[in-house]
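Structural overview
Listed below, chain by chain, are the residues.
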Amino acid sequence: MPNMRNILFVSFIILTLTNTMGQQFPDNSLGKMIHYLEGEQSLLIQTDNGSVLIQVYAPDIFRIRVSRMIFTDDFSYSVVGRRYPCNVVLQELDERLSIRTDSLLLEISTNPVRFTFRTPEGQVINQDDPALGTTWVGEEVTTYKILQDGEHFLGLGEKTGNLDRRGEFHTNWNTDNFSYRTTDDEIYSSFPFYIGVHHGLCYGIYLDNTYRSYFNFGASNDRFSSFGADAGEMDYYFIAGHDIPDVIMEYTWLTGRMPMPPLWALGFQQCRWSYFPDKEVLNTARTFREKKIPLDVIYLDIHYMDAYKVFTWHPTRFPHPENLVGELKNMGVQTTVIIDPGVKVEKGYHAYEDGIARDMFINYPDGKEYTAQVWPGWCHFTDYTKASAREWWGQQFADLVGQGVTGFWNDMNEIASWGEGATPSVVRFDWEGRGASYRQAKNVYGMLMARSTYEGVRSLMNGQRPLVLTRAAFSGAQRYTAIWTGDNFASEEHMMLGCLLVNSLGISGMPFSGTDIGGFAGEASASLFARWLTIGTFTPFFRVHKAYNQNASEPWTYGEEVESIARNYISLRYRLLPYLYSAFYTSHSSGLPVNRALVLEYSGDDQCWDPEFQHQYLFGPGILVAPVESQQRFARVYLPEGQWYDFFTGEKYDGEQRLLTDAPLDKLPVFARGGGFIPMQSVIQSTSQLPSDTLYLHVYYGNAPSFFTYYEDDGISMDYDKSTFITCEFLFDPDSRQIVIGEMSGTYTSKYRHIVLVLHGFDMTQTGWKVDGRPVMTEQTKIDLYSALTENDPLFLGGRKFEQNVQILQIAGFGEKQVIAW
């Protein structure tokens, strides 16, 4: 029997749309409520100036849609979370309505219609400005919120400015901004999501609108924060959370989470514009091997192509690409190639001819293909908003995949062309059959190119994982791609800005990100390159890149001191892969970023909001990194609550203090968290090489209990989607004086057969150690986590050692539950 409530709801929508179709309202805000109708976990409100549709997606996620005219069909490229049943109670009180779930209370004033979000106990989380609410000026629509006392704002992804956006104004409009200034606002990607924090409360707002959008966090006013767009619906999701990580997890439930990357994509990557011919590529890779500097990926920029035409190889520079890719693979090096969206207009060129025949390109309203100039000359551009075009684009990679290429670098996808900003607004996109202009499609174009690339190459790679890298992106891009922060410049300011951009991208749901180490444009000094590379060691995406006609930027080109520093830090990155890969699993499973601004875990600590310390971050759960400029030999660092250990010397510090620490070029200020676990392995030259069969589990004594989820799979296939992986919980409990190595869970067989505990900060005179009740002895020794080579190695170039005292405890094989007590 049909549900009468649903029938009434549909009838009400039809009546509402009929009454408002074609009706134009004055340029003002939502007015007085005329009537409302309750639906299934939803409420439709008609006012005398526009309509509101409220949908409860989850107990702590409410969607608010506001329109002056009709509600268009429900469509989003970003949102993949679907509403699920929950307890929703609607009440009508004097001149207001309320919608209550177990986690959130929404109060709706009815004259005029305004929204106040409260905790179940009644505390105000977020509140419309009573006079402004949601307001239109022409097509432009904006929602105004009351600024709360002491409110902080985070997010918006790749935005310059402070980590805390309070007092700032930002615009989302993906822009090809070569060598951008550190104050430029419009650069390559848009993430219209932010988090507000005040009075111990936390919320997120995601504006699902792809037009040019605006966010004002109290810039030049002390009254409101606001968000809006040039056109389209006011369509936002309100997310309530217990804390910042909780909001990020809910937001990434809504917009999706990253797939597990190939393990080799976490290794060191070398790039320049451009390595050519093929002999130079091979010589570069061989030099890394000869110098024992680990390397996993080398990039081919636009000069590998024939006349810069995508999906081609230059006939004389790269006459036998499959041989080149095969030789690199034999050295343990993966090949990544650049692919731009522009398809050259040229008779006889397959991609052009086939694309024209199949109507795969964006066009003008009269049906003529849009044409603009880029590297190959005049080009057409694939319409990634058309499903058939996405599939067509993905299949163009068949030859590259067949030749062994495993990485795909999407560039120039803002869309960039000569004369940036000149793309006519009238250019039309399919938009899944709905139709859209350039104004609506521009911000999402790069994400959809990455999606088309990822879906295509994944279907071609026989169950292997690709690396897709993009310059332009939008919320939801994390489902398909990594991102780098575009064409930066070789300067101290850009190096430090990169830390903020990566941290902000992580807050905004994009955990796999990094910068062009050393700066893309401009010449880096030896000290700047060295410092930047040490910071890059503790960044999710780890790549050096340099522009054409600039000096070479391989580690050995900066002199022996920098070569040694680079070798040591890159080798340390490979030691840390078990820890880092587990952190990526957390991003994959929960959405929490790898690089975590301190405020994610310490939002109640005012020092963590201080701009002086805004560049600091946690790298995974257990390592704190304090970036510092290359000319500084001392750094002011803030350590939050707990106990902390200098990662290289083992010196212990109490938290909640500012610290002046030494920061020579070879020693980035890095600290291990007391109570934390850092699993490590032996040094390898690439991830294609197996480490030794021993997992070294570093445990740092602290006063509070903690746990760590270890994750492992084969690192290359999609079999993890079929649950072919293992997890293992590590627990530290100082009160019960125990370390627990949990039993492995899963079907994969670990590469490690043995486990060695490396104990930091434990009482060196402590006796009575036991494993599962059996007395054992610890060995006191010195370790060096810095040096990659011994003094007997012919490549050893000198430099300091950083030794620290530890205790070593060898326990039984890795896999069974073991309880270590002292």
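In short, a report on the structure. Remember, it's a predicted structure, so these values are computed and weren't measured experimentally.

Observations concerning the pattern of salt bridges
- In the structure shown here, the tally under the stated rule is 41 salt bridges.
- The partner of Asp-176 in a salt bridge is Arg-471, with the nearest N and O atoms 3.3 Å apart. Residue Asp-176 is located in the loop between strand S13 (169-172) and strand S14 (189-190), and its partner Arg-471 is located in the loop between strand S29 (467-470) and strand S30 (473-474); the two are separated by 295 residues in the primary sequence. Just as Asp-176 is buried, Arg-471 falls in that class too.
- Residue Glu-601 is joined to Arg-673 by a salt bridge in which the shortest nitrogen-to-oxygen separation is 3.0 Å. Within this pair, whereas Glu-601 is found in the loop between strand S35 (595-597) and helix H13 (606-609), its partner Arg-673 is found in strand S42 (residues 670-673), the two being separated by 72 residues in sequence.
- Residue class for Arg-673 comes out buried when judged on its relative accessible area of 18%.
- A single salt-bridge network, built from bridges that share partners, covers Asp-176, Asp-411, Glu-414, Arg-471 and Asp-487.

Structural notes on empty space enclosed by the protein
- Summed over the entire model, instances satisfying the criterion amount to four cavities of 30 Å³ or more.
- Considered class by class, the residues forming the lining of the largest cavity number 13 nonpolar, two polar and one charged.
- Taken together, 14 residues line the second largest cavity, and the ones lying closest to its centre are Gly-498, Cys-499, Thr-515, Ile-535 and Thr-539.
- Among the secondary structure elements, those contributing two or more residues to the lining of the second largest cavity are helix H9 (492-507) and helix H10 (526-537).
- Looking at which element gives the most residues to the lining of the second largest cavity, the answer is H9, with five residues.

Notes on the sheet that holds strand S18 (residues 224-229)
- Strand order in this open sheet of five strands is S10-S11-S18-S17-S13, and the pairing throughout is antiparallel. Pairing within the sheet leaves two strands with one partner each, and these edge strands are strand S10 (134-137) and S13. Here the average twist between neighbouring strands, direction ignored, is 20°.
- Where strand S17 (residues 213-216) and S18 come together, four bridges link them in antiparallel fashion. The residue of S18 that forms the bridge with Asn-216 is Ser-226.

So, how was this worked out
Residues numbered from 1 in each chain as written. Predicted model: local features only at pLDDT ≥ 70, side-chain atom pairs only at ≥ 80, totals over all residues. Heavy atoms only, no water. Salt bridge = Lys/Arg side-chain N within 4 Å of Asp/Glu carboxyl O. Helix = DSSP H or I, 4+ residues; strand = E, 2+ residues; numbered from the N terminus. Buried < 20%, exposed > 50% of the residue type's maximum accessible area, 1.4 Å probe, protein only. 1 Å grid on protein atoms, 1.4 Å probe; cavity = no way out; pocket = protein on both sides within 12 Å on 5 of 7 lines; lining within 4 Å. Points joined across faces, edges and corners; volume = space filled by probe spheres on them. Nonpolar A, V, L, I, M, F, W, Y, C, P; charged D, E, K, R; others polar. Pairing = 2+ DSSP bridges. Axes fitted to C-alpha atoms, helices over the stretch in contact; angles between N-to-C directions.

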